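# Per-entry structural report
Residue strings, one per chain:
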Amino acid sequence: MTQSTGASRIGVTGLAVMGANLARNIARRGVPIAVHNRTAARTKEFIEAHGDEGAFTAAESLEDFVAALETPRRIIVMVKAGPPVDGVISELTPLLDDGDIIIDAGNSHFRDTKRRTEECATHGLRFMGIGVSGGEEGALLGPSIMPGGDTHAYAEVEEILTSIAAVVDGTPCCVHVGPDGAGHYVKMVHNGIEYADIQLIAEAYDLLTHVAGLSAPAIATIFEEWNSGDLESFLIEITAKVLAKTDERSGGPLVDVILDQAGQKGTGTWTAIDALNLGVPLTGITEAVFARGLSSLRDERSAASTALAGPTPAGQADASFVDDIRQALYASKVVAYAQGFAQMRAASIAEGWDLDLGAMATIWRGGCIIRAQFLNRIRDAYVEHPDLDNLLMVPYFTEAVANAQDAWRRVVATATAQGVPIPAFASSLAYYDGYRRERGPANLIQGLRDYFGAHTYKRIDTAGSFHTRWGQDGTEVRTDI
Ligand code: 6PG
């Protein structure tokens, strides 16, 4: 326990770029703030560079940091997800009083957040896991914030968090998401959707390059145009900018000299694993994670590129194909969001979080990486139908996908015929076709499972579970009575 001077209303420990920018954002709103970093030199540098932006108290030690805060203390921890978060919590715990609030604003796994919430509670501390999206610029100028944790703890930080968040149509992009791990869960799915969005854009770029035969600057112009329609979003906007950039060394497009190997920090994989655990079909996001994995097999791909046969090259596509790609991109994007929202709904039920999915769409409209016009439509859908099973069933999206489906099918067929891999486009279409089938082929799967493992099956014409004595007399027996 430490004596407080109460000068600072909130503190940030961890002054790497995200923590530093969040601290600056808070200070710029006139909130007195204490800052701390494990290496004191970084705190010094921070104050030298930004000390004039607000009322900062720079602390060299955690003790001084804690002492600078009013009670209940509000401490934002912005360190690398994983063990470093536990390390900071265990160092802070003996210095804090009952009711103080530790806020983990990094990309932590929601199960860690649940565990930390319970562990902190045993010490009388309140723990919050908050998702923060928007990258470096968002943290400084207005991120989307997804706070999870106890409602009373949230009430203590709501004013500060809503004041630093992005604002769309007068509404801050920050709303209490739910208890314990809910905020980090929603941030995880946000990142998963970010993976799908980025993969779909990359597939569109690949098709525009290798099927339509266009150069990077020409494709940049196309994305710029697309950004004024249904696809309007931050990621489409920056795609145009990245494609238009000239490389200073080669004089050609920068994108042409960037290695085709995508990195990842893990949140996409977590999203996919959780979907598998929940039994939610999350094909778009999961294919996007796999595509990053495939991109990393550079040496294997290089060897395979001369060893494995592809189709005979076809002639260049005509101009109408460009618009087909736009429509396929939009329809696939709708599917990716429908899947991500279905996953949040399933998790909300499984965890008892009572997530308001319309509110999630609302706070993703600004500040975050997946901010997009069409989140307004998703918000409207959930406001009207809070218990919606699938976004595809809302008239706006049903119609949008129906209008795009011919183009979508042409794109998937052409890409497949020409050997251009489009895992996210194709799997989204397969999901769409699977979802709209009243009767699929799983009857045969059940038959096979029953044959080799006596797993039983249900019948369409009568209730109960049945098994056929395949290896004996071939008769059917009812197994549930
Ligand atoms: C954000 C981003 C941010 C980051 C992720 C994804 O919302 O601001 O999602 O959290 O970009 O870490 O990164 P990877 O692509 O490296 O997994």
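Everything discussed here concerns the structure shown above.
Everything numeric here is computed off the predicted structure, so don't read it as measured data.

### A short note on the overall build of the protein
- Check the secondary structure of the protein and you find 19 helices and twelve strands.
- Taken over the C-alpha trace, the protein has a radius of gyration of 26 Å; the compact-globule value for 481 residues is 23 Å, and the two agree within 12%.
- C-alpha extents for the protein along the principal axes are approximately 80 × 70 × 45 Å.
- The burial tally for the protein puts 49% of its 481 residues in the buried class.
- For the protein, long-range pairs separated by at least 24 residues make up 67% of all intrachain contacts whose partners lie at least 6 apart in sequence.
- Of the roughly 22,300 Å² that the protein leaves accessible, carbon and sulfur atoms contribute 53%.

### A look at the site of the ligand
- Taken together, 14 residues lie near the ligand, and Ser133, Glu194, Tyr195, Lys265 and Arg292 sit nearest.
- Here an oxygen atom of the ligand sits 2.9 Å away from a polar atom, N or O, in the side chain of Asn107.
- Side-chain polar atom of Ser133 to an oxygen atom of the ligand: 2.4 Å apart, as the coordinates give it.
- Contact with the protein chains removes 81% of the 410 Å² of surface that the ligand exposes when unbound.
- In terms of residue count, the dominant contributor to the shell around the ligand is helix 8 (residues 182-210) (five residues).
- Lining the shell around the ligand are residues from two domains, each supplying at least three of them: domain 1 (10-180) and domain 2 (187-435).

### Details of the packing of helix 8 against helix 18 (residues 423-435)
- Helix 18 packs onto helix 8 with a crossing angle of 115° between their chain directions and a minimal axis gap of 8 Å. Relative to helix 18, helix 8 is oriented roughly perpendicular. Contacts between helix 8 and helix 18 pair Gln199, Leu200, Glu203, Ala204 and Leu207 from the former with Pro423, Ala424 and Phe425 from the latter.
- Here the residues of the contact of helix 8 with helix 18 are counted per class, giving six nonpolar, one polar and one charged.

### Section: the sheet that holds strand 11 (residues 465-468)
- Strand order in the open sheet formed by three strands is 10-11-12, with antiparallel pairing between adjacent strands. The open sheet is flanked by strand 10 (457-458) and strand 12 (476-478), the only strands paired with a single partner.
- Relative to strand 12, strand 11 runs antiparallel, the two sharing three bridges. Paired with Phe466 across the bridge in strand 12 is Arg478.

### Remarks on the packing of aromatic side chains
- In total, this model carries 15 aromatic pairs according to the counting rule given.
- On the basis of an interplanar angle of 90° and a centroid distance of 5.2 Å, the ring pair of Phe46 and Phe56 is categorised as edge-to-face. A residue pair is termed long-range when its members are at least 10 positions apart, and Phe46 in helix 2 (residues 40-50) and Phe56 in strand 3 (residues 56-59) qualify at ten residues.
- Ring centres of Tyr396 and Phe397 lie 5.1 Å apart, and the angle between their planes is 85°; this geometry places the pair in the edge-to-face category.
- Classification of Phe397 by relative accessible area gives buried; the value is 1%.
- Three or more aromatic residues link up through ring pairs in this structure, and these residues are Tyr330, Tyr337, Phe374, Tyr396 and Phe397.
- Stacked on the ring of Tyr195, the Lys or Arg Arg292 has its end atom at 3.6 Å from the ring centre.
- Above the ring of Phe234, the side-chain terminus of Arg371 is found at 4.0 Å from the ring centroid.

### Regarding the sheet that holds strand 6 (residues 126-133)
- With mixed pairing, seven strands are arranged side by side in an open sheet as 3-2-1-4-5-6-7. Edge positions in the sheet fall to strand 3 and strand 7 (144-149), since each has one partner strand and no second. Taken over all neighbouring pairs, the strand axes of this sheet differ in orientation by 25° on average, direction set aside.
- Inspection of the sheet shows strand 2 (residues 33-36) paired to strand 3 by four bridges, in the parallel sense. The residue bridging His36 from the neighbouring strand is Ala59, located in strand 3.

About the cut-offs
- Residues numbered from 1 in each chain as written.
- Predicted model: local features only at pLDDT ≥ 70, side-chain atom pairs only at ≥ 80, totals over all residues.
- Heavy atoms only, no water.
- Helix = DSSP H or I, 4+ residues; strand = E, 2+ residues; numbered from the N terminus.
- Rg over C-alpha atoms; globule rule 2.2 N^0.38 Å.
- Buried < 20%, exposed > 50% of the residue type's maximum accessible area, 1.4 Å probe, protein only.
- Contact = heavy atoms within 4.5 Å.
- Areas by Shrake-Rupley, 256 points an atom, 1.4 Å probe, with all protein chains shown as cover.
- Near = heavy atom within 4 Å.
- Polar contact = N/O pair within 3.5 Å; in protein donor to acceptor, adjacent residues only side chain to side chain.
- Domains from an automatic or database assignment.
- Axes fitted to C-alpha atoms, helices over the stretch in contact; angles between N-to-C directions.
- Parallel < 35°, antiparallel > 145°, perpendicular 65-115°, else oblique.
- Nonpolar A, V, L, I, M, F, W, Y, C, P; charged D, E, K, R; others polar.
- Pairing = 2+ DSSP bridges.
- Phe/Tyr/Trp six-rings, centres within 6.5 Å; stacked < 30°, edge-to-face > 60°.
- Lys NZ or Arg CZ within 6 Å of the ring centre and 35° of its normal.

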